[in-house]
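Here is what each chain is made of, one letter per residue.
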Amino acid sequence: MTGDWHGGTGYVSLCERSRERQRRALRLIETYWQDLSRDACGIPERAAVDPRRIEDGLEYAFLLQRIAPGQARLRIAGAHLNDLTGMEVAGLPLSALILPDHRARLAKALEAMFCDGGILRAEMSAQTGFGRPELRAEMTVLPLRSESGQVDRAIGGLITIGKIGRTPRRFELGALKVQKVGAPSREMPVTGFAEAPTPFAPARLQPHLRLVVCND
């Protein structure tokens, strides 16, 4: 069965319904972070994050810890990230989900996010092959402060469009943006990506943002 009857007018794809459910989860995580940011008048603290507030998005959510310039470790990860790799990913670097040729670009974007408190958005596509059908993904990473006051934590979400197939699935980066609240967004340079990146779909929350890269 590929669809169900809706409103007596036709069929609605179950794939479309699943896709929209995942995108709602990504919006939920970002909306919750925006609420925390308003309460904190800036980047919120990790201790303020209440998982119950994003219960419907926990499957796709994760928490990061910055461990070195451009490097962040997955401290907590939802079941969907484990499904993508076929293993428990907590404790691994976020770059474990990314193909090697694209990790330097991710590192630059992560460092910009941590150093300037920006919002990282990425569109990705998985490497295909036997048992690995086309699989696209969207990821959002949002900065948090640790108890020390440093911006070295982050909350994020990763959703996919398509069948996972044979694991592990790793991704190449397409459109990648780091945005600072209050300024226009700018896309990070593309390196090692043959296709032109596709633009993001309009989001419910569209702050004006600017890019700042930290070279620490």
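This report concerns the structure included in the present document. (Residues numbered from 1 in each chain as written. Predicted model: local features only at pLDDT ≥ 70, side-chain atom pairs only at ≥ 80, totals over all residues. Heavy atoms only, no water.)

### Things to note about the pattern of salt bridges
Move 1: Taken as a whole and assessed by the stated rule, the structure comprises seven salt bridges.
Move 2: With a closest N to O distance of 2.3 Å, D35 and R38 form a salt bridge. One end of the pair is D35 and the other is R38, both in helix α1 (residues 14-40) and three residues apart, which spans about a single turn.
Move 3: Classification of R38 by relative accessible area gives exposed; the value is 52%.
Move 4: Between D116 and K180 there is a salt bridge, with its nearest N and O atoms 3.8 Å apart. Here D116 is found in helix α3 (residues 103-116), whereas its partner K180 is found in the loop between β8 (171-179) and β9 (186-187), with 64 residues between them in sequence. (Salt bridge = Lys/Arg side-chain N within 4 Å of Asp/Glu carboxyl O. Helix = DSSP H or I, 4+ residues; strand = E, 2+ residues; numbered from the N terminus. Buried < 20%, exposed > 50% of the residue type's maximum accessible area, 1.4 Å probe, protein only.)

### Things to note about the environment of I29
Move 1: Assignment of secondary structure puts I29 in helix α1.
Move 2: Along the primary structure I29 and G157 are separated by 128 residues, whereas in three dimensions their C-alpha atoms are 6.9 Å apart.
Move 3: With sequence-adjacent residues up to four places away left out, I29 is seen in contact with I54, G57, A61, L142, I155, G156 and G157. (Contact = heavy atoms within 4.5 Å.)

As far as function goes, none of this settles anything; it's purely spatial.
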